[in-house]
Amino acid sequence: MEKEKRIYINYFFFSVIILSLFECSLELLRYGAFDKVPDSSNLQYRFGNGLGYVGGFWDDAKMANLSRKAGYDTQRKKLPEQHFETWGYNIELDDAKTNTALGILDVVGYLATPTKEHSSKVIDNPELCYPANLYEPIFLNNGSVNPQNYWANYVYKTVSIYKNHIKIWETWNEPDYTRDYNQVGKWKTEPPDPKILTHWYGSIFSYIRLLRVTYEVAKKADPTCFVTAGGLGYPEFLHAILRYTDEPTKGEVTKDYPYTGGAYFDCDAYHQYPQYGVTDIETGEKYDDNGSDMLALKVVILKKNHEYTLKQFGFDGKKYPKKIFVNTETGLKSEKSGSSIGGDLVRRNWILKLALYSIKYDVKQTHMLNLADDGTGMGDFTNIKETKSIEEGFSRLKSSSKGRLVLQKIHIGKFIYDSEKTQEFLKTLPQTATGMVLKRKFPKEEGEEYYSEIIYSAWIKCEKEEVGGELEYELDLKFNPIMFDWEGNRKDIKKDATIKLTSTPIFLLKSSFLKYELYLILFVLFAMF
């Protein structure tokens, strides 16, 4: 009996130990972005840009005003340590407040460029070299941020000051940039060679360390913010982030380095320029052609590749929380030169279709590289340096950028993709046409002129190249829509009207304006009699 009692007691304690170890392992997995990401339900789709530098009359506040007039409602704002240490950490605060006042919201803060003293100095350019002292303790024993961890100190001060105006913190710029393209395939099984990462010059383990430092101090300053892996291109580099820890020699899981890189970011910020082809790594389908539909799809298919990679490591919304996606750099030239892709029509169509495809593929933001031409030809404005007012600058808006104004007018960012209605709509369209249906998610705001619960959009598909001409199409809707073209011209039409489709999307709104106008007329008549 005594022996059985001892066995029972031993079994009980053994079970408690096993259960405790199991709970500890669960806690290990529940840390950081393995456990939760901030609520993204209030993040609507937004168009943004990185402003760039013009000079003359054009400081950042005036550029922000100009961007708002051009249909942008967010921004990718560069906030380098080098800049803050020279001019003070509050130097950009007035501009950040201007953004908020203008309705430039959910801004991406781009963290970059240590001072020379705080750089690893692999080469003589701090913007391209990982920061020094990354492996110093992040926090002191009293819980405060360690000033000897230079990056931690910079990030904590920056987020603390700008947290009311910036929602998303992008960690570095293109750490995976390389010219040794033939090496990229190896990154799924081997760590990238630091010598070929010419925007980082450090190991993948040190980049994960950068993410960890950023994540831990940013969340201390603002638990509701989003931290991104910064400006990634290659899914293979993302695979390496998710595979390794910040352990500095082999990226192994140890007591001091217990989590792989997926713990340290909520959001995947990626870059894609549509002149480069993309292969869907899940299906093997290649996206190499240069019609506007294909150019827009290239941008969102790279997101799909990143999402597929994340799912391989459990970030599917079931095992671990899904991450959100923002495209923080893209662009297309407004003029074709030599073998480069570009032109007024293709860029106009690409901008409109990119918004639609981004909403369909749940990309939360799309950022153009810059606002005005600076030699790339990708800006929205030409020759504005010589202008002396916002109005004069706005007069230089390119024709190919004007389509964004209709997206602003119909508040497309307040809508999400309606798969069921899209499939029904596609059945009614001619074979050479395509389209999309969006349903409203966000409520009407004060001053919103054109309110609709649903948007239908249709156009002639352009895969290999832009398609000219028109295509007659007889509508088959259940309501009399208001139609907008790319220039914002409004036309009330019948639900069975015959319209002309081109390669440029048109937008059909189910509006309650007519009802309100009828009520107004009846009210006036009642008042008169």
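None of these values were measured; they are calculated from a predicted model.

1. With respect to the sheet that holds strand β13 (residues 452–460)
In a beta sheet, neighbouring strands are held together by backbone hydrogen bonds and run either parallel or antiparallel to one another. Read from one edge of the open sheet, six strands run β11-β12-β13-β18-β15-β16, paired in antiparallel fashion. The sheet terminates laterally at β11 (415–417) and β16 (490–492), the two strands that pair on one side only. Each neighbouring strand pair of the sheet contributes to a mean axis angle of 30 degrees, computed without reference to strand direction. Direction of pairing for strand β12 (residues 433–440) relative to β13: antiparallel, over a ladder of seven bridges. Paired with K439 across the two strands is I454, which belongs to β13. Strands β11, β12 and β13 of the sheet are contacted by helix α12 (residues 419–428), whose axis makes an angle of about 150 degrees with β12.

2. A closer look at the environment of F226
Summarising the element assignment, F226 is placed in strand β5 (residues 226–232). We classify F226 as buried; its relative accessible area is 0%. F226 sits 189 residues away from F415 along the chain, and the two C-alpha atoms are 22 Å apart. Discounting residues that sit within four places of it in the chain, F226 has contacts with P38, D39, S40, L43, K167, I168, W169, D266, C267 and I324.

3. Observations concerning the packing of aromatic side chains
Throughout the structure, instances matching the rule amount to 27 aromatic pairs. Taking the centre distance of 5.3 Å and the plane angle of 45 degrees together, the rings of F315 and Y320 count as tilted. For the pair formed by F315 and Y320, the shared burial category is buried. Look at F381 and F394: their rings are 6.4 Å apart centre to centre, the planes differ by 55 degrees, and that puts the pair in the tilted class. Taken together, the residues span a long stretch of sequence, with F381 in the loop between β10 (365–368) and α10 (390–394) and F394 in helix α10 at a distance of 13 residues. Residue F381 is classed as buried on the basis of its relative accessible area, which comes to 0%. Classification of F394 as partly exposed rests on a relative accessible area of 24%. A network of ring pairs unites the aromatic residues Y130, W151, Y154, W172, W187, W200, Y207, Y234 and F237 as a single cluster. A cation over an aromatic ring shows up here: K62 above the ring of F57, its NZ or CZ 4.8 Å from the ring centre. Here R76 stacks its cationic end above the ring of Y110, 4.2 Å away from the centre of that ring.

4. As for the pairing of strand β3 (residues 107–112)
With six of six residues buried, β3 lies mostly within the body of the structure. Judged by which residues are buried, β3 turns out to be covered on both faces: V107, G109 and L111 on one side and V108, Y110 and A112 on the other are all buried. In this structure, strand β2 (residues 76–80) lies alongside β3, joined through five bridges in parallel fashion. By the bridge assignment, R76 is partnered in β3 with V108. Bridge count between β3 and strand β4 (residues 166–171): five bridges; the pairing is parallel. In the strand pairing of β4, L111 is matched with T171. Note that the unit made of β3, helix α5 (residues 150–162) and β4 has a crossover that is right-handed.

5. Looking at the packing of helix α6 (residues 204–221) against helix α7 (residues 235–243)
Each pair of packed helices gets described by two things: the angle between the helix axes and the distance between those axes. Look at α6 against α7: their axes get within 10 Å of each other, and the N-to-C directions meet at 75 degrees. Judged by the inter-axis angle, α6 sits roughly perpendicular to α7. Contacts between α6 and α7 involve I204, Y207, I208 and L211 from the former and F237, A240 and I241 from the latter. Class assignment for the residues of the contact of α6 with α7 results in seven nonpolar, no polar and no charged.

6. Quick look at the pattern of salt bridges
In total, this model carries 31 salt bridges according to the counting rule given. A salt bridge links R347 to D380; the shortest N-O distance between them is 3.3 Å. Taken as a pair, R347 in helix α9 (residues 344–360) and D380 in the loop between β10 and α10 lie far apart in primary sequence, 33 residues in all. The pair R347 / D380 is uniform in exposure class, with both members buried. Here E448 ties to R440 by a salt bridge, and the two come within 2.5 Å at their closest N and O atoms. The two residues E448 and R440 agree in class, both being buried.

7. Quick look at α7
In terms of burial, α7 is a largely internal element, eight of the nine residues being buried. Residues of α7 that are buried make contact with α6, β5, β6 (267–271) and α8 (292–312).

8. Notes on the sheet that holds strand β1 (residues 46–49)
The parallel open sheet is built from eight strands, whose spatial order is β1-β10-β9-β6-β5-β4-β3-β2. What marks the edges here is a single partner per strand, and that holds for β1 and β2. Each strand of the sheet is rotated relative to its neighbour by a mean of 25 degrees, with strand direction disregarded. Summarising the sheet, strand β9 (residues 324–330) and β10 pair through three bridges and their orientation is parallel. For N327, the partnering residue across the bridge sits in β10 and is T366.

9. Section: helix α4 (residues 93–102)
For α4, the complete set of buried residues consists of L93, D95, A96 and N99. An end-on view of α4 places all buried positions within 165 degrees of arc, on one side of the element. Exposed side chains of α4 directed beyond 90 degrees from the buried face belong to D94 and A101. Against α2 (60–69), β2 and α5 lie the buried residues of α4. At the exit of α4 stands G103, carrying a positive phi of roughly 90 degrees.

10. Considerations on the confidence of the model for the protein
Mean pLDDT over the protein: 92, with 91% of residues reaching 70 or higher. Counting contacts from residues 11–28, a segment whose pLDDT is below 50, to residues more than four positions away or on other chains yields two contacts.

11. Some remarks on the environment of Y259
Counting through the fold element by element, Y259 comes out in the loop between α7 and β6. The class for Y259 is buried, based on a relative accessible area of 14%. Residues Y259 and F34 lie 225 residues apart in sequence; the distance between their C-alpha atoms is 9.2 Å.

12. Let's talk about the nonpolar core
Membership of the largest hydrophobic core comes to 56 residues, with the highest contact counts inside it found for W151, Y207 and I241. Breaking this core down by element, the ones donating at least two residues are α4, β3, α5, β4, α6, β5 and α7. Contacts of I241, omitting those with residues within four sequence positions, involve I204, Y207, I208, L211, L232, T260, G261, G262 and F265. Counting residues in hydrophobic clusters, the runner-up holds 55 residues, among them W58, Y270, I410 and F484.

The rules behind the values
- Residues numbered from 1 in each chain as written.
- Predicted model: local features only at pLDDT ≥ 70, side-chain atom pairs only at ≥ 80, totals over all residues.
- Heavy atoms only, no water.
- Pairing = 2+ DSSP bridges.
- Helix = DSSP H or I, 4+ residues; strand = E, 2+ residues; numbered from the N terminus.
- Axes fitted to C-alpha atoms, helices over the stretch in contact; angles between N-to-C directions.
- Contact = heavy atoms within 4.5 Å.
- Buried < 20%, exposed > 50% of the residue type's maximum accessible area, 1.4 Å probe, protein only.
- Phe/Tyr/Trp six-rings, centres within 6.5 Å; stacked < 30°, edge-to-face > 60°.
- Lys NZ or Arg CZ within 6 Å of the ring centre and 35° of its normal.
- Right-handed = clockwise from strand over helix to strand, strands pointing away.
- Parallel < 35°, antiparallel > 145°, perpendicular 65-115°, else oblique.
- Nonpolar A, V, L, I, M, F, W, Y, C, P; charged D, E, K, R; others polar.
- Salt bridge = Lys/Arg side-chain N within 4 Å of Asp/Glu carboxyl O.
- Arc of directions from axis to C-beta.
- pLDDT = per-residue confidence, 0-100.
- Core = buried A, V, L, I, M, F, W, Y, C linked by side-chain atoms within 4.5 Å.

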